[in-house]
Every structure is written in structure tokens, then in C-alpha cells.
Amino acid sequence: MTQSSIPIYEGVSAFADDYDGFILDLWGVLHDGVQAYDGARECLDALKSRGKRIALLSNAPRRSMTIVDMMTDMGLPPTCYDALITSGDAVHYMLRDRTHPVFAGLGRKVFYVGSEQAQDVLDGLEYTKVDQIQEADFVLLSGPHTLDDSLDQYIPIVDELALTKPIAICANPDRAVIRQGKVVVCAGNIADLYTERGGTVHEVGKPDPAVYDLAIKELGIARRAKVVGIGDSFATDMRGCSASGIDGVLCARGIHAKDFGIEPGQMPESETVTHFAKQYDVMPKGAVPAFIWR
């Protein structure tokens, strides 16, 4: 961390010319889980019109094709970006290939915790879902069953898991996302409960540099100095950028808006952003109030 303070940019146009490739988070940057943010489409179009390469990188525990459809319904079609990679994709590939040391040792019986939609991670793979935890070789944590669930609802499941302690694969390392102003429980929260009870968890997704490597490969840009990541989380997005050797710019309208004492979309104070960045031991290149061109 060589900077003394984090500069605040009014919009993406302030630094766009410094980079050839952009790795963008979804929730908290482009949309709120239901609709696209004002100015997001225009900012994407402005980058594309200048020949910039854009990869969307999400900790969504679902396969990317379902996210593409969701984004299109929000008015953000595939013509706005060049690639979309999810942590669900990474989990699917790891379960399929079984070359990663953790995945190579997994059995074939899985106990699943998550929404019905996110089960597409297992589609086409030779695994058997079991209803009894005692029968499971491992656990796949994709998140809550519904977006209205509270974390307390998962304590009984975690307590039962702690009796046999199968390894858990966490397909969404996020600890919180904002859906239309409401904080939603994520798989990372459930993983934390399990870890507290002595369970072993392997997380797949940001901030792991491996998923950034996938995105950078899709961008086709060799020099990492010409790639920037924009996200709303210090813990996942900014740490992931730092670990991957690329610059990071924080979008202040997401999960840290309350920390900064601002309403979503307002300009944060440099001192405040810098204070929280130091708490996370990461120093973004800058921050913007929202993903807007301006």
C-alpha cells in the first residue's frame, strides 16, 4: 500500500484511457439484483465504443448462461461486454475435471444447500444428491434457499454438519450483497458458521486470483498493468484485484455505502474510503460514486 489516500473520481471516464481491459463486478456495480443501475448501460457502451475489452466477473453460484439471460432482461445484453464468468462456472469445471487437489479427493455424494436455480452447477456431472447429511461425501454451499431467508435459519443445518464434518465447497464467497437496498445472506455467511464449528470450507470465487486469471484470459490482454477491476467490496473485489496484480477501483454505491455514511450514488470522502481500505489491508487505485461515465 504505497498511496497515502485514495482519489475519488466522478466517473469512469476519468481513468478509462489508462486501461485496455475492464473486469467488472455485477451486484453493486451494474445492478441491484433486480434492475440495472442508472447510467450502467451508458458507461458500458462508452467503454465499448472506445475499443475497451470488458469481462464481467461475478461470485454468483450459478452458471453464466443463466446470468446472461438475467442481465439481458435488465437491459444489459451480451453486446455490452465480451465475457461473463461466475464462481458457479469455476465450481462446475472443478467438479468436472477433478484436477484441483481438493476436488480430486471428493466423493460422489453431495448434500446441497442453496436455491433450486443454482443447482445448475451440478448439471451434466456424475454426482448424486443426497437428502441426509450423514450420507454426504461433501457439501455444496451455493447460498440461501430463498433471498428472504435469515442466517439463523441455517444454524440447525450447520450444527448437523458439524457432527460428521464433511468438507464444504463454497460456490459464493460473498458475505453480503445488496438487493434493492436490502442485505441478502450469501453462501459465505453459512460457510463462516460452519468454520466456527470446526468444519473445513474451500471457497471458489473472488478474491481468489484463479478466477481473475480466467477473466484476464478472456480479455486477451497480456499486460496486467493495462487491466483494471471495478467492484463494490474491499474483501472480495479489491483484494482479488490486488492479489492478481491489477489495479482496482471501488464502486462506493454498493455494500460499503453505509460504512461511508452516504446514500448510494453519492460521492464518498477520500479520507473515509482510505480509512476502511486500510482496515482491509488493501489500497484501491481510486473510487467512484457509481459505475457511471461522467
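Note: the structure precedes this text.
About the cut-offs
- Residues numbered from 1 in each chain as written.
- Predicted model: local features only at pLDDT ≥ 70, side-chain atom pairs only at ≥ 80, totals over all residues.
- Heavy atoms only, no water.
- Pairing = 2+ DSSP bridges.
- Helix = DSSP H or I, 4+ residues; strand = E, 2+ residues; numbered from the N terminus.
- Axes fitted to C-alpha atoms, helices over the stretch in contact; angles between N-to-C directions.
- Contact = heavy atoms within 4.5 Å.
- Salt bridge = Lys/Arg side-chain N within 4 Å of Asp/Glu carboxyl O.
- Buried < 20%, exposed > 50% of the residue type's maximum accessible area, 1.4 Å probe, protein only.
- Right-handed = clockwise from strand over helix to strand, strands pointing away.
- Polar contact = N/O pair within 3.5 Å; in protein donor to acceptor, adjacent residues only side chain to side chain.

Visitor: Looking at this structure, how should I read the sheet that holds strand β11 (residues 227-231)?
Guide: The strands making up a sheet associate through hydrogen bonds between their backbones, and the pairing can be parallel or antiparallel. Ordered in space as β3-β2-β1-β11-β12-β13, the six strands form an open sheet in which the pairing is parallel. Edge positions in the open sheet fall to β3 (83-86) and β13 (286-288), since each of these has one partner strand only. Between one strand and the next, the sheet's axes are offset by a mean angle of 25°, whatever the strand orientation. Bridge analysis of β11 against strand β12 (residues 247-251) gives four bridges, and the strand direction is parallel. Bridging from a neighbouring strand, Val228 pairs with Asp247 of β12. Strand contacts of helix α2 (residues 64-73): β2 (53-58) and β3, with the helix running at about 125° to β3, the strand carrying the most contacts. Strands in contact with helix α7 (residues 209-219) are β1 (21-24), β2, β3 and β11; relative to β2, the strand with the most contacts, it is inclined by about 155°.

Visitor: Would you explain the pattern of salt bridges in this entry?
Guide: Summed over all chains, the structure comprises 12 salt bridges. Close ionic contact of Arg96 with Asp97 constitutes a salt bridge, the shortest N to O distance being 2.7 Å. In this structure, Arg197 and Asp159 form a salt bridge, with 2.6 Å as the shortest nitrogen-oxygen distance. Placement of the pair is Arg197 in the loop between α6 (187-196) and β10 (201-203) and Asp159 in helix α5 (residues 155-164), with a sequence separation of 38 residues.

Visitor: Sorry if this is basic, but what is going on with the pairing of β1 here?
Guide: Successive side chains on a regular strand alternate, one facing one side of the sheet and the next facing the other. A two-sided burial pattern is seen for β1, the buried positions comprising Gly21 and Ile23 on one face and Phe22 and Leu24 on the other. When β1 meets β2, the two strands line up parallel, connected through four bridges. Within β2, the position partnered with Gly21 by the bridge is Arg53. Following the chain from β1 across helix α1 (residues 40-49) to the adjacent parallel β2, one finds a crossover that is right-handed. Here β1 runs beside β11; their pairing, made up of four bridges, is parallel. Note on β11: the bridge partner recorded for Ile23 is Gly229.

Visitor: Looking at this structure, how should I read the side chain of Lys206?
Guide: Topologically, Lys206 is positioned in the loop between β10 and α7. A relative accessible area of 2% places Lys206 in the buried class. A distance of 2.9 Å separates a polar atom in the side chain of Lys206 from a polar atom in the side chain of Asp25. Engagement of the side chain of Lys206 in a polar contact is seen with the side chain of Asp237, the distance being 2.7 Å.

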